[in-house]
Amino acid sequence: MTTHSPTQNVLTSIGRRQFLRASAAAGGGLLINFSWLGSSLAARADADSLPDKLFSLNAFIRIASNGVITAMVPNPEFGQNLMTSMPMILAEELDADWQSISAEQAPYDPALYQRQFSGGSQSIRQAWSSLRMAGAAARHMLMQAAAGSWNVPMASLTTHQGTVKHTASGKQASYGELASLAATLPVPENVAVKSKDSFTLIGSAKKNLVGQDIVTGKPLFGMDTQVDGMLIAMIVHAPAFGQTLASADTEAIKSMPGIRDVFVFDSIEPEYTKNYFDVTAFPTMVAIVGDSTWQVIKAKKALNAQWKTFDGYEETIDRFGSPAVIKVPGGLESTAGHKQAMEDVLSGKAGKLDVLRRDGNPEAAFEQAAQIVESTYYAPYLAHNTMEPMNFFADATGEVIKVSGPLQGPIFIRQTLAERLKVSPDNIEIDMKRMGGGFGRRAYSHYLVEAAVISKKVNKPVKLIYTREDDMTMGIYRPTYSVKLRAALSASKELIAYHVSGVGVPEHCVHENRFPAGAIEHYLAEGTALDSNITVGAFRAPRSNFMAMAEQAFLDEVAEVMGQDPIDLRLSLLKRAQQNPVGSNNDYDAARYAGVLHQLRETAGWDSIPATTPKGVAVYYCHNSYAAHVVTLSAANPRNPQIDNVFSVLDCGIVVNTEGAVNMVEGAVIDGIGNAMYGEMTFTDGKPDKQNFDRYRMIRMNEIPRNISVSFVQSDTDPTGLGEPPFPPIFPALANALYQATGKRLYEQPFAPQIAKG
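Residues numbered from 1 in each chain as written. Predicted model: local features only at pLDDT ≥ 70, side-chain atom pairs only at ≥ 80, totals over all residues. Heavy atoms only, no water.

**Q** So what exactly am I meant to see when it comes to the sheet that holds strand β16 (residues 313–319) here?
**A** Sheets are built from strands paired through backbone hydrogen bonds, the pairs being either parallel or antiparallel. Strand order in the open sheet formed by three strands is β13-β16-β17, and the pairing between neighbours is mixed. The outermost strands of the open sheet, each flanked by one partner alone, are β13 (274–275) and β17 (322–328). Note: β13 against β16, two bridges, orientation parallel. Pairing of Asn 275 across the sheet is with Asp 318, part of β16. (Pairing = 2+ DSSP bridges. Helix = DSSP H or I, 4+ residues; strand = E, 2+ residues; numbered from the N terminus.)

Here's what the structure looks like:
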């Protein structure tokens, strides 16, 4: 739970474009549902109580004549529970009855909403002020409508649970009764929002607003899309990275049952300058379009295509306004080659590490050290493996291009689609479906463009579907990394210097200004990246998901050599960073960092855990939040240890929905354990070695922790990240516990094969 300060918080004007002007709905107040796929109002009301009128007070809030309030959720949903937490923020400031609240996914509309992107654990953090203002402004308009109707001062009115009251006269009216008049009023530029100590909804536990729709199989996901005349499309891409299409006998399979068309196409044209999320390794593909999924799959298997290795090239990527030249080498790459190349860089045999930060004189400190602790860590590529297959619907048969499906960032793909189809961005309608998993994979929306190009070619609406093999061999993996860490100790076992060197393909994972930077007098951070034609992208807590593993496992090893308790060592370093920090670019708050450790020590009972119980701890900062875990294991079978308990503490500012927040942390813990123990993608001559779940190992039900206990640091800080921060530190917490159980330090992922080696 969180606590709140009594300070009154008044938000100044945030501009009309953030929640737009209020207006009466079209047709004298009747709001016509704008979803071109015909989705219905997701109100929690019986059918006979559905309203005949619906009024829009701003872009976020619609109030029906029967009092049902629809909260429009602008950000895409893939399980982070925005469809409940965002309505809670609106309802809090609106002073509405929670039982009257329903949620609806808004379509992509940059004129109405500022940041329709889910990624970087920023959705609530970025929308916090806008949502509060939208709710407070709607409440103000409802009170203003009542004051005008009753001819009383607005200051004499109060609101409670969706009702405006005038105590002196005894008059009262529901929000539904006032909505028609309120919708004709202008949205105020400045309104006061609630003081945080007066919150009644925010900080409580609420069930998922659309949970019943999910478990009863309502058509919420892209795969559920069905439109009259729709065809099924699939693609065939090169089997190996570094290859492109040489030829394909498309005519031979056009006569197969149910097949409508087969053709070669380019999803991205050569002259187009890609943006950061336009990543695709295989722009030239074969499209197969037919009546049913099974017919198209059979045709895919029958296609005779020839592939050739391409030469290396350079391309310019627009990285949010800054052009960057990317080198894409030719040839067929392999995991063994990547590992050797990274090892050569870290050993000084090849390549060069760039100095990212230097404090003091680390070289001299290492020369004078009485003892040096050194370890090197390795992480493989990881596949996202979203449970819902990658898919998108497109209807490019008319002037207006209509696309619908699961994606994290419509803001980043509309211009790409517009340029590819040679249409105005204003002629593109994007309908966002609930995502069956994402965490980075669906930010790279090349599959949307592919669907639209195919639809335009066949002049029919199509649903593009990736098979599991398509997705797992298409790229956008978590990069592969290696990190070497060195610690210099004095004769009295004091930590006097720290050196981190990181290399990765095709990016490194060193965050030079994060802990323990600022806590050690002599500090050196270096990093470099190796070019590759294997495409990578954001994977839950990018870079941090491995850097936390290396750093926190290494600190445990250092603590053991120093003869210190692992938590004590971290707290002593954080005390230095708080009281007498080294440097001025440290990007963390040492007090908050230490706070999660202190609370975790207490909630986990760290000091009273029996010595015979293997235990591990880790703490990490990323995405503006602080997360720490303690893992305890059953020591009965060291070769196959059971995870008994995970204790988790988060400092993510104000927690909006405690139930949703706990669920997210639990999910991060299980996801992290699964990836740490089993996750691995390898390559041989450019070809992914694992193309489905028969070889790519996922965590199983009997392997998850028996108990996960989650708590939050009390805070009145505005919300920060939550989807990603709990993920990175579970890797090293588990590794440190496994060391206690097996006596073996784990330097490579996945852990399970390392443990099996003994």
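**Q** So what exactly am I meant to see when it comes to unusual backbone geometry here?
**A** Most peptide bonds take the trans form, and the phi angle of most residues other than glycine is negative. Residues Phe 515 and Pro 516 are joined by a peptide bond in cis, for which omega reads 10 degrees. Tracing the chain through its elements places Pro 516 in the loop between β25 (495–505) and β26 (522–529). Of note, the bond from Gln 749 into Pro 750 is cis; its omega dihedral lies within 30 degrees of zero at 0 degrees. Locating Pro 750 in the fold gives a position in the loop between α15 (730–742) and α16 (751–757).

**Q** Help me understand empty space enclosed by the protein, please; the structure alone is not making it clear to me.
**A** Once rolled over the atoms, a probe with the size of a water molecule shows which space is left empty. The final tally for this structure, using the stated rule, is three cavities of 30 Å³ or more. Its boundaries defined by the atoms lining it, the largest cavity holds a volume of some 80 Å³. Along its surface, the largest cavity is lined by Leu 485, Tyr 498, Val 500, Val 510, His 511, Arg 514, Phe 515, Pro 516, Tyr 523, Met 547, Glu 551 and Tyr 620. Listed by contribution, the elements that provide at least two residues to the lining of the largest cavity are β25 and α11 (544–562). (1 Å grid on protein atoms, 1.4 Å probe; cavity = no way out; pocket = protein on both sides within 12 Å on 5 of 7 lines; lining within 4 Å. Points joined across faces, edges and corners; volume = space filled by probe spheres on them.)

**Q** Can you help me understand the nonpolar core in this one?
**A** Side chains of a nonpolar character, in soluble globular proteins, are inclined to be buried together. Core analysis: the biggest nonpolar cluster contains 149 residues, and Ile 454, Tyr 588, Leu 734 and Phe 751 have the highest contact counts within it. In terms of residue count, the dominant contributor to this core is α11 (11 residues). Once residues lying within four places of it in the same chain are set aside, the contact partners of Phe 751 are Met 549, Ala 676, Met 677, Phe 731, Leu 734, Ala 735, Leu 738 and Leu 746. Counting 60 residues, the second largest nonpolar core, distinct from the first, contains Phe 60, Ile 124, Ala 127 and Trp 150. (Core = buried A, V, L, I, M, F, W, Y, C linked by side-chain atoms within 4.5 Å. Buried < 20%, exposed > 50% of the residue type's maximum accessible area, 1.4 Å probe, protein only. Contact = heavy atoms within 4.5 Å.)

In short, shape yes, function no, at least from these values alone.
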